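Structural overview for review
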Amino acid sequence: MRAATLRCPALTREAKFLAQPLARVEPDGAFEGYASLFRIADLGKDVVEPGAFRDSLSRRGAAGIKMLWQHDPTEPIGRWLELREDSRGLYVRGRLSLAVARARELHALMRDGAVDGLSIGFRSQRVRSEPRSGLRRLVKVDLWEISLVTFPMLPQARVSAVKALRPPGRAAFA
């Protein structure tokens, strides 16, 4: 499987698919996970380096990055509440818009553990190619969107927690 190339009239974007089993699903549609992990080669031999998202996140913020289903720009399904790089990768926390039919369907599928993949849609800005290994190191990317997907390019890029109903007084992500 290779990164999907999305063609737009004015630019070319790339989509990298990543994935971990779900722990919980919140009735309000909130979930968290990692959309990208640093220094791990995906199935297309791309490796995201720490700091690759820094400028894009600073410029756009969570509100400027779209949440889509399967990288389809006609299928917005919610919004990102928090996006940040940490020592592991690109941590994400978002909420499905449950007034949208597709988001309600995905919420049910996520709660059942049927959908848990995350994938990034971006335009590469600075890369280093390694001819011997065939790896492409993504040093700087312009992040456009993060999608919930069925099959992530990076198998470890997954929703790790979908908040669930819990007894009163218990923390949501405990």
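What this report covers is the structure whose coordinates are included nearby.

We now examine the overall build of the chain. A count of helical and extended segments in the chain gives two helices and ten strands. Along the chain, helices (α) and strands (β) appear in the sequence β-β-β-β-α-β-β-β-α-β-β-β when read from the amino end. Evaluated residue by residue, the chain yields a buried proportion of 50% over its 174 residues. When the accessible area of the chain is evaluated, it comes to approximately 8,500 Å², of which 51% is carbon and sulfur surface.

Time to look at the side chain of Glu 75. Secondary-structure assignment places Glu 75 in strand β6 (residues 72-85). Ignoring anything within four residues of it in the chain, the contact list for Glu 75 reads Met 67, Leu 68, Trp 69 and Arg 102.

Looking now at the pairing of strand β5 (residues 66-69). Where a strand is regular, its side chains alternate between the two sheet faces. As defined by bridge partners, β5 adjoins strand β9 (residues 135-149) across four bridges and the pair is classed as parallel. Note on β9: the bridge partner recorded for Trp 69 is Leu 148. With four bridges joining them, β5 and β6 adopt antiparallel strand pairing. Among the inter-strand pairings, Trp 69 is bridged to a residue of β6, identified as Asp 72.

In this model, Arg 39 sits at a positive phi of 60°, which is unusual for a non-glycine residue. The topology assignment puts Arg 39 in the loop between β3 (30-37) and β4 (46-48). We note that Gln 70 has phi near 55°; this positive angle belongs to a residue other than glycine. Checked against the element boundaries, Gln 70 lands in the loop between β5 and β6. Of the residues examined, Gln 70 reaches a relative accessible area of 31% and is grouped as partly exposed.

With that settled, consider the packing of aromatic side chains. The full count for this structure, using the stated rule, is three aromatic pairs. Between Tyr 34 and Tyr 91, the aromatic rings sit 5.8 Å apart at their centres with planes inclined by 70°, giving edge-to-face as the arrangement. Within this pair, whereas Tyr 34 is found in strand β3, its partner Tyr 91 is found in strand β7 (residues 89-96), the two being separated by 57 residues in sequence. Residue Tyr 34 is classed as buried on the basis of its relative accessible area of 13%. Looking at Arg 60, its charged tip hangs above the ring of Trp 144, at a distance of 4.9 Å from the centre. Positioned over the ring face of Tyr 91 is Arg 84, at 4.3 Å from the centre of the ring.

About the criteria used
Residues numbered from 1 in each chain as written. Predicted model: local features only at pLDDT ≥ 70, side-chain atom pairs only at ≥ 80, totals over all residues. Heavy atoms only, no water. Helix = DSSP H or I, 4+ residues; strand = E, 2+ residues; numbered from the N terminus. Buried < 20%, exposed > 50% of the residue type's maximum accessible area, 1.4 Å probe, protein only. Areas by Shrake-Rupley, 256 points an atom, 1.4 Å probe, with all protein chains shown as cover. Contact = heavy atoms within 4.5 Å. Pairing = 2+ DSSP bridges. Phe/Tyr/Trp six-rings, centres within 6.5 Å; stacked < 30°, edge-to-face > 60°. Lys NZ or Arg CZ within 6 Å of the ring centre and 35° of its normal.

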